[in-house]
Amino acid sequence: MFQAVLFLIVGLILLMAGGNYLVEGGVSIAQRLRLSPLLIGMTIVAFGTSAPELLVSLKSAIQGISGIALGNVIGSNIANIGFILGLTALISPITTNRESIIYNGVIMIASASLFMLFAFTNGIITHLEGIILFALLIVFITGSIVIERKKSHSTYSQINNEETTPEMPVWVAVFVIIGSCFALSYGADLLIKSATDIAKAMHVSDRIIGLTIVSIGTSLPELAASLIAAIKKQMDISIGNIIGSNIFNVLCVLGISAAVSPISVDWNVYLKDSIFMIAFSVLLVAFTLRKGKLGRIGGLVILMGYIYYIYSLFI
C-alpha cells in the first residue's frame, strides 16, 4: 500500500512537471508564429495540459480499465471548470470576449453532448465513433485558426516574455517538448498502476478513483497554467486553456482512446457524472456571458458546486 501511494505521488509530480514544461515549449514556439493569447490557450496550452489525460485514458483503455479511462475524462472536465476556474476566479476575476465564449462554449457543450449520445446509445464508444470524435477535433482546430486569421481588425499580440514563459530557441523548445512527453508517459504509467492498486486495496471502484484522484491529478497542469495566467492578467489564456482542454478531453482523449480500444459505458454508473459535466459547462458559459467575465461570486458558486459533486460521489 505504501509503495502504491509513493508511486501515485511520483506519477502526479511527473505529470505536473511534464505538462508544465510541455506548455512552456509549446508557447515559445507559438509566440514565434504570432498566435493570439486566446488561440494559444485554446490549442497549444490546451493540448499540452490535456496530454496527461490522453496518456492516462489511452493506457487505461488499452489495459481494459474503462472505468479509469472514462472517469478520468469526465472527472477532469468537471474539475477543470468546477475546481480550477472556480478557484482561479476567486483569486482574480476572469474577463473574456463574449463572442469567443459563445463560439467555443457551444463547441464545448456540443462535444460533451455528442459523447453522451455515442456512449449511452449502445453502451459503448466504438472504433468508428472514436475516429469521428477525433476528426471533429481537427475541424475545430482548423476552424479556429481560419476564423482568427479572417478577422481583419484583430491584432496578434504576443505574450510578454517577462510575464509568462521566457522565449526559447526553437531547438530548445523542441527538446523540452520531447522530454516532457517522456515524463508524461512514465508518470501516466505510475499513476494508473498505483491508482488501480489503491482501488483494489480500499475496495473502491475504478469509477471513483478515475473521477477523483486520477482526474484531479491529471488536471494539475491546467490548474498551474490557469492560475499563472490569471495572476499575470492573461485572462484569455486562462479561460481558453480550460475550454480548450475540455474540448480536447472529449474529442481527442476519448476519440483516440476509443479508436484504439472501444470504451464500454454503463448508463446507470456514468449518467449522473455526464450530466454534471454538461451542467458545469452550461454554468460557465452562462456566468461569463452575463457580464463578460467570471467574477468572484460566480467562481464561488462553481467551486461550491464542485465540492457538492465530490461529496455526492461518496453518499
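Undergrad: Tell me about the overall build of the protein chain, and name the residues and values.
TA: Within the protein chain, the secondary structure is distributed over 11 helices and four strands. As presented, the protein chain carries roughly 13300 Å² of accessible surface, and 71% of it is formed by carbon and sulfur atoms.

Undergrad: Talk me through the packing of helix H4 (residues 98-122) against helix H5 (residues 127-150); I want residue IDs and the actual numbers.
TA: Remark: H4 packs on H5, axes separated minimally by 12 Å, with the N-to-C direction vectors making an angle of 175°. Classed by the angle they form, the pair H4 and H5 counts as roughly antiparallel. Across the interface between the two elements, Tyr103, Asn104, Ile107, Leu114 and Phe118 from H4 touch Glu129, Ile132, Leu133, Leu136, Phe140, Gly143, Ser144 and Ile147 from H5. Across the contact of H4 with H5, the residue classes tally to nine nonpolar, three polar and one charged.

Undergrad: Let's hear about the nonpolar core: which residues, and what values?
TA: In terms of nonpolar packing, the biggest core is built from 56 residues, with Leu70, Ile74, Ile78, Phe115, Ile243 and Leu284 touching the most fellow members. Considering each element in turn, this core owes the most residues, 11 residues, to helix H9 (residues 235-260). What Ile74 contacts, discounting residues up to four positions off in sequence, is Phe115, Leu211, Tyr270, Asp273, Ser274 and Met277. The next biggest cluster of nonpolar side chains, apart from the first, holds nine residues, and it includes Leu8, Leu15, Ile68 and Ile198.

Undergrad: Outline the environment of Leu39, listing residues and values.
TA: Here Leu39 lies in helix H2 (residues 37-62). Owing to a relative accessible area of 6%, Leu39 belongs among the buried residues under this scheme. For the pair Leu39 and Glu148, spaced 109 residues apart in sequence, the C-alpha to C-alpha distance is 8.1 Å. Residues contacting Leu39, with those up to four places away along its chain left out, are Ile44, Ser144, Ile145 and Glu148.

Undergrad: Give a detailed account of the environment of Glu24, specifying residues and quantitative values.
TA: Within the element layout of this structure, Glu24 appears in helix H1 (residues 2-32). The exposure class assigned to Glu24 is buried, which follows from its relative accessible area of 18%.

Undergrad: Kindly report on the packing of helix H10 (residues 267-291) against helix H11 (residues 296-313), identifying the contributing residues and their values.
TA: Remark: H10 packs on H11, axes separated minimally by 11 Å, with the N-to-C direction vectors making an angle of 175°. Judged by the inter-axis angle, H10 sits roughly antiparallel to H11. Across from Lys272, Asp273, Phe276, Phe280, Leu283, Leu284 and Phe287 in H10, the residues of H11 making contact are Gly298, Val301, Ile302, Gly305, Tyr306, Tyr308, Tyr309, Ser312 and Leu313.

Undergrad: Lay out the packing of aromatic side chains in plain terms, naming residues and giving numbers.
TA: In total, this model carries six aromatic pairs according to the counting rule given. Both rings, one in Tyr306 and one in Tyr309, keep their centres 6.4 Å apart while their planes meet at 35°; by these two values the pair is tilted. Linking Tyr306 with Tyr309, this pair stays in helix H11, spanning three residues, or about one helical turn. Look at Tyr309 and you get buried, because its relative accessible area is 1%.

Undergrad: Describe in detail a nonpolar patch on the surface, supporting the description with residues and values.
TA: On the surface, Met1, Val5, Ile9, Ile13 and Met202 cluster together into a nonpolar patch covering about 480 Å² of accessible area. It is H1 that provides the largest number of residues to the nonpolar patch, a total of three residues. For Met202, the position within the fold is in helix H6 (residues 170-202). Taking relative accessible area as the criterion, Met202 reaches 49% and is therefore assigned partly exposed.

Undergrad: Mind laying out a positive patch on the surface, listing which residues take part and the relevant values?
TA: On the surface, Arg290, Lys291, Lys293 and Arg296 cluster together into a patch of positive charge. Within the secondary structure layout, Lys293 lies in strand E4 (residues 293-294).

Undergrad: Run through the confidence of the model for the protein chain, naming residues and quoting values.
TA: Of the residues in the protein chain, 80% reach a pLDDT of 70 or more, and the chain-wide mean stands at 78. Highest mean pLDDT in the protein chain belongs to H11 (90); lowest belongs to helix H8 (residues 220-231) (69).

Undergrad: Describe the environment of Phe134, with residues and values.
TA: Inspection of the secondary structure assignment puts Phe134 in helix H5. Looking at Phe134, the relative accessible area reads 32%, which means it is partly exposed. Spatially, the C-alpha atoms of Phe134 and Leu251 are 5.1 Å apart, while their sequence positions differ by 117 residues. Among residues more than four places away in sequence, those in contact with Phe134 are Leu251, Cys252, Gly255 and Ile256.

Conventions and cut-offs
Residues numbered from 1 in each chain as written. Predicted model: local features only at pLDDT ≥ 70, side-chain atom pairs only at ≥ 80, totals over all residues. Heavy atoms only, no water. Helix = DSSP H or I, 4+ residues; strand = E, 2+ residues; numbered from the N terminus. Areas by Shrake-Rupley, 256 points an atom, 1.4 Å probe, with all protein chains shown as cover. Axes fitted to C-alpha atoms, helices over the stretch in contact; angles between N-to-C directions. Parallel < 35°, antiparallel > 145°, perpendicular 65-115°, else oblique. Contact = heavy atoms within 4.5 Å. Nonpolar A, V, L, I, M, F, W, Y, C, P; charged D, E, K, R; others polar. Core = buried A, V, L, I, M, F, W, Y, C linked by side-chain atoms within 4.5 Å. Buried < 20%, exposed > 50% of the residue type's maximum accessible area, 1.4 Å probe, protein only. Phe/Tyr/Trp six-rings, centres within 6.5 Å; stacked < 30°, edge-to-face > 60°. Patch = residues over 30% accessible without salt bridge, like charges linked within 9 Å, V, L, I, M, F, W, Y side chains within 5 Å. Salt bridge = Lys/Arg side-chain N within 4 Å of Asp/Glu carboxyl O. Lys, Arg positive; Asp, Glu negative; His and termini not counted. Charge placed at Lys NZ, Arg CZ, Asp CG, Glu CD. pLDDT = per-residue confidence, 0-100.

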